[in-house]
Amino acid sequence: MAEKNIVLFLCFVTNFLIVHSDVLCEWGFCTEHLKKETNKCRVTPPDCGYNNATHSGLTLPSPTVCNCCEFCLPLYARGNECSLGGPGDGMTIGRCGHGLTCDEVTRTCVRMKTKCHDAQDDYDARFARGEVGAFERRPYCDGRGKYAAFDCVPTQTCFCQSEEGERLFGEVVYTGALQNMPCRCSRFNYEIMKTIDKNTPFPVAGPRCTSDGNFNPIQCLNNTCHCVNRITGERLGSEEINLDNEPITRLSCYEKQLDLFPDLSEGDPPYSTMSPCYKSIEDKKSIIENGSKNGFIMDYFNTFDDLECLPDGTSGRIGMLANGSKVCINDRNELIGDYIANPNTSEYNNMDCKCALTLSLMSSSGSRPICCRNGNFRQIQCYRGRCRCVDSNGRQIGKDEQNVRNLKCFSELGNNWQHC
């Protein structure tokens, strides 16, 4: 199965990250422990109780026996004095707040210099000049100044993204400004791809994800499968099954609507969770290994560029017809609309089907995007008499205009902008 491809190092990291353990003290210990005068708790900074514009804090387990006392780590605001630590550098009881760092020269908390913060500054400057579009969102950065786990196109969909702002696997319908999308499984797979040595001969499989970027509730290693928390990936309970005897449908966390390959659990044992995409990789891997053992030079065959699997186990959102044309498909290998691109055309080479997939997720409401014939986003989108330029993910670029000719991208597209 696909999980057999996971190298020993990755197995260790995966299990380390998703197995959770707590060390608990005896109930009532702290009550008796704190009765002694020598064990009294110190007065903690009140910052955790304020949490406003000028005072904030982070509640953490206290560095005392069994964490019996309260502990508050103050988070200093921008411009407050701070310490870098080290001999002769002084000492503070807190640290700079989220998105801030201690400046080496001024020894005050300043805003981190990051790609996400630069994007926020650009947005703020354009907003002040009245150049922000109706469907633009100010980039959201996390406490380390990195991009948040997801980004949204208002009224359409939200999708996972890396810390550098690169779009990742995982997309859901936009539900509003308070939407949350953890994307931890999607980001975990992305980090694996970045970490694995480029010289690794065969693709490495990470944890299985669902279409929203969360962990599939069933994770397998070799032939053993168990249940996990969909958000964190942490194992739930001790329940597990062996695929040599039982299918994953026997697990209490099995959800039929999330199973993209139900046929793998049918018939007689042994069962499998290896998707057709991963099976193609395993088959090719076997050919290479057997050829090498028999003394054949397999360099010409030793590439998997055409066999990349998505974190949900599928082969992607672009399918191939018998005549060589590309079409857009969903996670169940079903056609999405009539989007197609013929060989030896620019539409074929640039096809990504992002717009087609977005449309397939959306209901009839909202600002439904216009797609090109190959399923990509049309570079100019219009809604209620106003038009805007968008990128390949459908996100607005610049302000919207009533006259399409005033858009910056119109000069590139010309009068043929409606046809692509």
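About the criteria used
- Residues numbered from 1 in each chain as written.
- Predicted model: local features only at pLDDT ≥ 70, side-chain atom pairs only at ≥ 80, totals over all residues.
- Heavy atoms only, no water.
- Helix = DSSP H or I, 4+ residues; strand = E, 2+ residues; numbered from the N terminus.
- Buried < 20%, exposed > 50% of the residue type's maximum accessible area, 1.4 Å probe, protein only.
- Contact = heavy atoms within 4.5 Å.
- Areas by Shrake-Rupley, 256 points an atom, 1.4 Å probe, with all protein chains shown as cover.
- Expected span 1.5 Å × (residues − 1).
- Salt bridge = Lys/Arg side-chain N within 4 Å of Asp/Glu carboxyl O.
- Pairing = 2+ DSSP bridges.
- Axes fitted to C-alpha atoms, helices over the stretch in contact; angles between N-to-C directions.

Looking at an unreviewed UniProt entry, one finds the protein named Thyroglobulin type-1 domain-containing protein and attributed to Pieris macdunnoughi.

Our next topic: the overall build of the protein. For the protein, the helix and strand inventory stands at 9 helices and 17 strands. Counting every position in the protein, which comprises 420 residues, the buried fraction comes to 42%. Put simply, 44% of the contacts in the protein that link residues at least 6 apart link residues at least 24 apart. With an accessible surface of roughly 24,500 Å², the protein has 52% of that area assigned to carbon and sulfur atoms.

Before going further, it helps to spend a moment on the environment of Cys116. Tracing the backbone shows Cys116 in helix α4 (residues 115-128). Separated by 26 residues in the primary sequence, Cys116 and Asp142 have C-alpha atoms spaced 8.9 Å apart. If we skip the residues at most four places from it in the chain, Cys116 touches Pro139, Tyr140, Cys141, Gly145, Lys146 and Tyr147.

An ideal rise of 1.5 Å per residue puts 16 Å on 12 residues; helix α5 (residues 184-195) measures up with 16 Å between its terminal C-alpha atoms. Where α5 is concerned, the buried positions are Cys185, Ser186, Arg187, Phe188, Asn189, Tyr190 and Ile192.

Before going further, it helps to spend a moment on the pattern of salt bridges. The full count for this structure, using the stated rule, is 22 salt bridges. Across the salt bridge formed by Asp151 and Arg137, the nearest N and O atoms sit 3.7 Å from each other. With Asp151 in strand β6 (residues 150-152) and Arg137 in the loop between α4 and β6, the pair connects residues that are 14 residues apart, well separated along the chain. Taking the shortest distance from any N to any O, the salt bridge between Arg144 and Asp142 comes out at 3.7 Å.

A few words now on the sheet that holds strand β13 (residues 326-329). Spatial ordering of the open sheet is given by β12-β13-β14, a layout of 3 strands whose pairing is antiparallel. Bordering the open sheet on either side are β12 (318-320) and β14 (335-341), each of which pairs with just one other strand. Going from strand to strand, the sheet's axes swing by 35° on average, the running direction of each strand aside. In terms of strand pairing, β12 meets β13 through 3 bridges, oriented antiparallel. If you follow Gly319 over to β13, its bridge partner there is Val327. Here helix α8 (residues 354-361) sits on the sheet and contacts β13 and β14; the angle it forms with β14, its principal contact strand, is near 165°.

Attention shifts here to helix α6 (residues 276-293). With 18 residues, α6 ought to run about 26 Å at 1.5 Å a step, and its terminal C-alpha atoms sit 26 Å apart, in line with that. When α6 is considered as a whole, its buried residues turn out to be Cys277, Tyr278, Ile281, Glu282, Lys284, Lys285, Ile288 and Gly291. Taken from the residues just after α6, Gly295 is the one with a positive phi, measuring 90°.

Residue Pro270 is bonded to the preceding Pro269 through a cis peptide linkage, with omega at 5°. Relative to the assigned elements, Pro270 resides in the loop between β11 (235-242) and α6. Backbone geometry places Cys66, a non-glycine residue, at a positive phi of 55°. Along the chain, the position of Cys66 falls in the loop between β1 (56-59) and β2 (72-76). Classification of Cys66 by relative accessible area gives partly exposed; the value is 29%.

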